[in-house]
Amino acid sequence: MTETAGPPASPVPTVDLARWRAGGLGTRRETAAAVDAALRATGFLLVTGHGIDADLRDRVRATARAFFALPAAEKQPYATEVGGRGWLGPGAEANGAAEGTATPPDMKESLSFASEEPTGNPAVDAEWFLPNIWPHQVPALRTDVQDLLAALRALSDLLLTLLAEALGAGPDHFTRHTAHPTWGFNINWYPGTRTVGEAAPGQYRIGPHTDFGTVTVLDRQRGKGGLQIWTDPADGGTGWQDAPYVPGSLTVNAGDLLARWTGGRWRSGRHRVLPPPSDAPAEELMSLVYFYECDPGTRVGTLADSHTYLRGQLAAINAQGTA
């Protein structure tokens, strides 16, 4: 009797961080090997056992949704440009431009926050550590987002410790450069076709791109117009495919700085978010996206200054030039 082969193993493993932290040497080595293989193949992981409260994430979504539902005139005072703090309205970003591809603007709105605790260096603080903007219409957002940000930063440093182990380096290989890091946090709202209309040719909720920093931590919702990741056919991949989804997990991907930091051993995870599905016009999704970076001025691979690179990439995806 011929046995039927099962489905191929996913190139995106699910890593239980609680098991890794509590495990013995064998468990930790097994986890590190799985992480290394995934970052070589796709640049993506799913993580469970992360300890970030689901109720907190739900509250952030509910409050942010109340803001996005406001009339445009009430949101306009909070308008900002890419890399700023505030509201990124329709047409503000075109992420495909980071790859040098001319694409229509992304079909989303975002509330954008970033690092704000001053370093004491006026020039650095004026560029990277400005105060965040908190809409007065949704006062609960500030406390909930700040609580979530504290948890996401701690998780990101934990992930970098795991990644150092996967690389065979000392535990502080990355985190010794995150004493006073920059980061960005976007609450991305992806409305349905009833709000934004049908997609133009080559238009996505977020166009194809890689992220710019070290690790990105994403809390996403399952949907037809959801996340896709790229696996390179030249390396046995299948091109674009729907990202795996495990309820309660967080999606983690390597960014450009991490890829450069490892001399190209690990991939910067290429991804996109599909346009609103025409057969589900009411579908709307909301993602919570934390982009972790490193201390300003860190030398990363051949980059003399990590943040000169970051600023250039942020400028590239700014679809409007000015808010």
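Residues numbered from 1 in each chain as written. Predicted model: local features only at pLDDT ≥ 70, side-chain atom pairs only at ≥ 80, totals over all residues. Heavy atoms only, no water.

Things to note about the overall build of the protein chain
Here is step 1: A count of helical and extended segments in the protein chain gives nine helices and twelve strands.
Here is step 2: Relative to the globule expectation of 20 Å for 323 residues, the C-alpha radius of gyration of the protein chain, 19 Å, shows essentially globular dimensions.
Here is step 3: Each principal axis of the C-alpha atoms in the protein chain carries an extent, and together these give about 60 × 60 × 40 Å.
Here is step 4: Looking at the protein chain as a whole, 50% of its 323 residues qualify as buried.
Here is step 5: Contacts spanning at least 24 positions in sequence make up 78% of the contacts within the protein chain whose residues lie at least 6 apart.
Here is step 6: Approximately 14000 Å² of the protein chain is accessible, and the part contributed by carbon and sulfur atoms is 54%.
Here is step 7: Taking the average location of the 27 positive side-chain charges in the protein chain and that of its 35 negative ones, the two points are 3 Å from each other. (Helix = DSSP H or I, 4+ residues; strand = E, 2+ residues; numbered from the N terminus. Rg over C-alpha atoms; globule rule 2.2 N^0.38 Å. Buried < 20%, exposed > 50% of the residue type's maximum accessible area, 1.4 Å probe, protein only. Contact = heavy atoms within 4.5 Å. Areas by Shrake-Rupley, 256 points an atom, 1.4 Å probe, with all protein chains shown as cover. Lys, Arg positive; Asp, Glu negative; His and termini not counted. Charge placed at Lys NZ, Arg CZ, Asp CG, Glu CD.)

Let's talk about the environment of L152
Here is step 1: Relative to the helices and strands, L152 resides in helix α6 (residues 140-167).
Here is step 2: Each C-alpha atom of the pair L152 and G51 lies 9.9 Å from the other, and the pair is 101 residues apart in sequence.
Here is step 3: The contacts of L152, once residues within four sequence positions are left out, are I52, F185, V217 and Y290.

Notes on the pattern of salt bridges
Any two side chains of opposite charge can pair, on the condition that their charged atoms come close.
Here is step 1: One pass over the full model with this rule turns up 16 salt bridges.
Here is step 2: Of the charged contacts, one joins R61 and D219 as a salt bridge, the two residues approaching to 2.9 Å between their closest N and O atoms. Here R61 is found in helix α3 (residues 54-68), whereas its partner D219 is found in strand β7 (residues 215-219), with 158 residues between them in sequence. For the pair shown, R61 and D219 are each scored as buried.
Here is step 3: For the salt bridge of D279 with K224, the shortest nitrogen-to-oxygen distance reads 2.7 Å. Of this pair, D279 sits in the loop between β11 (271-273) and β12 (285-292) while K224 sits in the loop between β7 and β8 (227-231), and the two are 55 residues apart along the sequence. (Salt bridge = Lys/Arg side-chain N within 4 Å of Asp/Glu carboxyl O.)

A look at the packing of aromatic side chains
Here is step 1: Under the counting rule described, the total for this entry stands at nine aromatic pairs.
Here is step 2: Connected via pairs of aromatic rings, a cluster forms that spans F67, F68, Y78 and W189.
Here is step 3: The aromatic ring of Y309 is capped on one face by R260, whose charged end is 4.9 Å from the ring centroid.
Here is step 4: Seen from the ring of W128, R311 lies directly overhead, with NZ or CZ sitting 4.2 Å from the centre. (Phe/Tyr/Trp six-rings, centres within 6.5 Å; stacked < 30°, edge-to-face > 60°. Lys NZ or Arg CZ within 6 Å of the ring centre and 35° of its normal.)

Some thoughts on the sheet that holds strand β10 (residues 250-254)
Here is step 1: In spatial order, the strands read β1-β2-β10-β7-β12-β5-β4-β3; together these eight strands make up an open sheet with mixed pairing. Both outer strands of the open sheet, β1 (14-16) and β3 (86-88), are each paired with one neighbouring strand and no more. Put simply, the sheet's adjacent strands are angled 25° from each other on average, direction ignored.
Here is step 2: As paired strands, β1 and strand β2 (residues 44-48) are joined by three bridges and run parallel to one another. Residue pairing in the sheet places D16 in a bridge with T48 of β2.
Here is step 3: The strands touched by α6 are β1, β2, β4 (109-114), β5 (183-190), β7, β10 and β12; relative to β12, the strand with the most contacts, the crossing angle is about 55°. (Pairing = 2+ DSSP bridges. Axes fitted to C-alpha atoms, helices over the stretch in contact; angles between N-to-C directions.)

Comments concerning the side chain of N188
Here is step 1: Locating N188 in the fold gives a position in strand β5.
Here is step 2: At 2.5 Å, the side chain of N188 forms a polar contact with the side chain of S110.
Here is step 3: If sequence neighbours within four positions are ignored, N188 has contacts with K108, E109, S110, I206, L285, M286, S287 and V289. (Polar contact = N/O pair within 3.5 Å; in protein donor to acceptor, adjacent residues only side chain to side chain.)

Topic: the packing of helix α2 (residues 25-41) against α6
Here is step 1: Their axes nearest at 8 Å, the elements α2 and α6 cross at an angle of 90°. Here α2 lies roughly perpendicular to α6, going by the angle between them. Contact residues: α2 offers R28, R29, T31, A32, V35, D36 and L39, while α6 offers L162, L163, E165 and A166.
Here is step 2: Residue composition of the contact of α2 with α6, by class: six nonpolar, one polar and four charged. (Parallel < 35°, antiparallel > 145°, perpendicular 65-115°, else oblique. Nonpolar A, V, L, I, M, F, W, Y, C, P; charged D, E, K, R; others polar.)

By themselves, these observations are geometric and do not establish any function.
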